[in-house]
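A structural walkthrough
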Amino acid sequence: MTGEKPTGNVFKNLPPGVCIPWEEKLKDLGEIKGDADIIRNEWDKLELFAYLYLWYWVQR
Amino acid sequence: MSNDKSKLLEERKKRYLTALDCGKPDRVPIGLTVSEFMAKVAGFTLQEIYYDLDKNLKALAKFVEEYEVDTFFSAPSLWWAASHDAVGAVYLKFAGRELEPNTQFQYVEGEFMLPEDYDAFIENPTEWILTTYLPRIHKEFAEPGSYRASVALIKGAGARAMELQLTQQGTAKIMEEYGVVPAGTGLTKAPFDTLGDALRGLKGIMMDMRKVPDKLKAAMEVLVPHNIFYALATAGGDTEFPAFMPLHRGAYPFLNPRQWDEFYWPTLKKVIEGLWEKGKRTYFFAEGDWTPYLERIAELPDKSIVFHVDMTDIDKAKKILGGRFCLKGNIPNSLLAVGKPEEVRDYVKRLIDEYAADGGFVIDAAAVVQGDAKEENIRAVIETVLLYGKY
Amino acid sequence: MAVLQDELAQAMVDLDQEKVAELVKQRLGAGVPVLEIVSSLQAGMAEVGRMFENGEYFLSELIMAGEIMKEVMVDLEPHLAGGSGEHRGTIVIGTVKGDVHDLGKNIVVMLLKGAGYNVIDLGVDVPKEKFVEAVKEHKAPLVGMSAILTAALESLKETVAAVKAGVPEAKVVIGGPFMDEKVKEFCGADFYATSAGDGLKAAEAVFGGK
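Report on the accompanying structure. (Residues numbered from 1 in each chain as written. Chains lettered and ligands numbered in written order. Predicted model: local features only at pLDDT ≥ 70, side-chain atom pairs only at ≥ 80, totals over all residues. Heavy atoms only, no water.)

Quick look at the pattern of salt bridges
All names here are of chain B.
- Following the criterion strictly, the structure yields 46 salt bridges over all chains and no others.
- Lys 280 is paired through a salt bridge with Asp 238; the nearest N and O atoms lie 3.6 Å apart. Of the two residues, Lys 280 sits in the loop between helix H12 (257–277) and strand S6 (282–286) while Asp 238 sits in the loop between helix H11 (213–234) and strand S5 (243–247), which places them 42 residues apart along the sequence. The two residues Lys 280 and Asp 238 agree in class, both being buried. (Salt bridge = Lys/Arg side-chain N within 4 Å of Asp/Glu carboxyl O. Helix = DSSP H or I, 4+ residues; strand = E, 2+ residues; numbered from the N terminus. Buried < 20%, exposed > 50% of the residue type's maximum accessible area, 1.4 Å probe, protein only.)

Digging into the sheet that holds S6 of chain B
Residues and elements named next belong to chain B.
- In spatial order, the strands read S5-S6-S7-S8-S9; together these five strands make up an open sheet with parallel pairing. Of all the strands in the sheet, just S5 and strand S9 (361–365) have a single pairing partner and so form its edges. In this sheet, neighbouring strand axes are inclined to one another by 20° on average, regardless of whether the strands run parallel or antiparallel.
- As paired elements, S5 and S6 share five bridges and run parallel to each other. (Pairing = 2+ DSSP bridges. Axes fitted to C-alpha atoms, helices over the stretch in contact; angles between N-to-C directions.)

Some words on the interface of chain B and chain A
- Every contact between the two is made by 50 residues of chain B and, on the other side, 30 residues of chain A.
- Here chain B and chain A share an interface that buries about 3,600 Å² over both sides, 63% of which is from carbon and sulfur atoms.
- Between the two partners, chain B and chain A, sit one salt bridge.
- Two residues, Glu 123 of chain B and Lys 12 of chain A, come together in a salt bridge whose shortest N-O distance is 3.9 Å.
- Linking chain B to chain A there are 13 residue pairs in polar contact (both at pLDDT 80 or more).
- At the level of secondary structure, the elements contributing two or more residues to the side of chain B that touches chain A comprise helix H5 (81–87), helix H6 (118–123), helix H7 (125–137), helix H8 (147–178), helix H9 (191–199) and H11 of chain B. (Contact = heavy atoms within 4.5 Å. Buried area = accessible area lost by both parts, 1.4 Å probe. Polar contact = N/O pair within 3.5 Å; in protein donor to acceptor, adjacent residues only side chain to side chain.)

A short note on the nonpolar core
- Membership of the largest hydrophobic core comes to 171 residues, with the highest contact counts inside it found for Tyr 133, Leu 195, Trp 290 and Phe 307 of chain B.
- By residue number, the principal contributor to this core is helix H4 (residues 59–76) of chain C, which donates ten residues.
- Taken domain by domain, this core gets at least three of its residues from each of domain 1 (2–79) and domain 2 (90–207) of chain C.
- Residue contacts for Leu 195 of chain B: discarding those within four places in its chain leaves Met 113, Tyr 118, Phe 121, Arg 200, Gly 201, Ile 205, Leu 216, Ala 219, Met 220 and Leu 223 of chain B.
- Core analysis: the second largest hydrophobic core is formed by 31 residues, Ala 337 of chain B together with Val 96, Met 179 and Ala 189 of chain C among them. (Core = buried A, V, L, I, M, F, W, Y, C linked by side-chain atoms within 4.5 Å. Domains from an automatic or database assignment.)

A closer look at the environment of Val 163 of chain C
All names here are of chain C.
- Turning to its location among the elements, Val 163 is positioned in helix H7 (residues 153–166).
- Exposure remark for Val 163: the relative accessible area of 0% places this residue in the buried category.
- For Val 163 and Lys 130, which are 33 residues apart along the polypeptide, the C-alpha to C-alpha distance reads 9.7 Å.
- Excluding residues within four positions of it along the chain, Val 163 makes contact with Phe 131, Val 132, Val 143, Met 145, Pro 168, Ala 170 and Val 172.

Quick notes on unusual backbone geometry
- In the segment running from Tyr 252 of chain B into Pro 253 of chain B, the intervening peptide bond is cis, with an omega of 0°.
- The topology assignment puts Pro 253 of chain B in the loop between S5 and H12.
- Not every positive phi belongs to a glycine, and Cys 22 of chain B is a case in point at roughly 70°.
- With respect to the element layout, Cys 22 of chain B can be found in the loop between helix H1 (3–20) and helix H2 (37–42).
- In the Ramachandran plot, Asp 125 of chain C falls in the positive-phi region, its phi being about 55° despite a non-glycine side chain.
- The topology assignment puts Asp 125 of chain C in the loop between strand S2 (118–121) and helix H6 (128–138).
- A relative accessible area of 23% means that Asp 125 of chain C is categorised as partly exposed.

Here's the deal with the packing of helix H2 (residues 36–56) of chain A against H11 of chain B
- Interhelical geometry of H2 of chain A versus H11 of chain B gives an angle of 110° and a closest axis separation of 11 Å. Between H2 of chain A and H11 of chain B, the angle falls in the class roughly perpendicular. Judged by the twist between their axes, the crossing of H2 of chain A over H11 of chain B is left-handed. On H11 of chain B, the residues that touch Leu 48, Tyr 51, Leu 52, Trp 55 and Tyr 56 of chain A of H2 of chain A are Leu 223, His 226, Phe 229, Tyr 230, Ala 233 and Thr 234 of chain B. (Parallel < 35°, antiparallel > 145°, perpendicular 65-115°, else oblique. Left-handed = near helix turned anticlockwise from the far one by under 90°.)

In structure tokens, the structure reads:
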């Protein structure tokens, strides 16, 4: 078994469907010049894909 | 979609959904849960359907073309073997790789989550899956950040996206061309099974109930919203058809009654009730014998599940759950494999007479139909329902 | 001594892992013969098996007992050269080719061992030739073949046929959730078992009751 002991999590208690919270991403993005909702909606879609990819290997 | 097919699709959908609502449709719906059998019908080897997504879907198309069923379960293979090779998944063996080309896929059970992982899992399971679990179950991803691991992650995610898209397109086409409806949309598990199947393993979870009961319970509570979410997300938001839930370790005699009440049932109930609140029914695929737990299962809201009868005592299931929950099943798979068509006919006729008479019943095999079933026996099931199943 | 032995057997029945480990360590230290310790553990296992048959214990208890046994045997096995030589009969067992499930098989093995049989466990995905070879080598009057997947039915049938051809006097019990009279006839087996208890009964039928 190669996975070492748990290294500790960066995030805590994230809700389903989320890998990296939008609020966290917002910090990186800084000032948003256009419509934040457009950016967020698309961000959330890919978040959902990443989430489902990870859980796919558990819910089998 | 041709008019005929769209009419057929509506007819079958109404038939199936009426039965799920415990009503009497025009006749008893046929909802055979068929997997590897379809490869046989289509003339493909198991390696072909595990590895070739196109053939996998073709096998399903061939089956619904030749057999007059109302619902389909999925393409014969639930997994695309190539996506497992890409990441080096260690827990499944596929035909044509380490098994003979016509051998059924096999699980290799392991303790891929260790007792000391509980805290990190409870704190944030999604992150734990990526940082700790995937490197253990994906050989190619053993050293995250390395060249091989990065390639594996790209391929694994890409493969999943390709597979999802092709499967969605393929099944939409099958609905259009053959007018059959899905038996379910989306998938989820009992929290106890999520942990017991893929993470802690059977031995691990049995030990945990004695050694770390509080952590086990906390982890299952954490899983409740994830498992509700997973069912809805994998169904693409559909709430018309039930979410498939294969149930494993809650079958008799895995757990003693106290363990069942304390560990298995509370979070399972929460998942089912949570889904029902969102309008989503659960396809309670009760593998094995669930007879001792029927009274507890009857606590669920009316119609919130379809109860699949495998080795559960069907008389008791009818008595305790009938009228409030649709029953589905329970033609023995050994009968389909070694019985004669006349025997199959008698069995199905008896199911129709004794259990389907007042509605709320779907004809199916007891367990998933694999390659051992005889084609003439599957035909006998369908002919019998068409002949005697009218209400 | 009898009281002490009971204590270890009882700790096994109580599934008290720490107490079992402690008592085994104590006895090894006190120079108690290893075989005696093992037979206490087996007496405990036999009782666990009996309770499982009676419906007092479930698979969770049986698996736990098996794990406790496995863990202490790690310490005991190096002291055990050749085994006791005394048993009620030899049984060859395995999951047939095409199937890798071992839960049902392992439970039967545990119960059979607990009941005093000499069990040769061939593992999973076992080719028919290996069954025949083992039955001949160990002169086993009974062979247990396990299959969970109905897809392994043909393989089961072929394995029974191979054993019957190679060692006509050997009796065959097939075990798995889908076994019934029809499947037994189809495969040409002598007994079928849908539970570990049925497997024990087949053994008693072949080797005689206690």
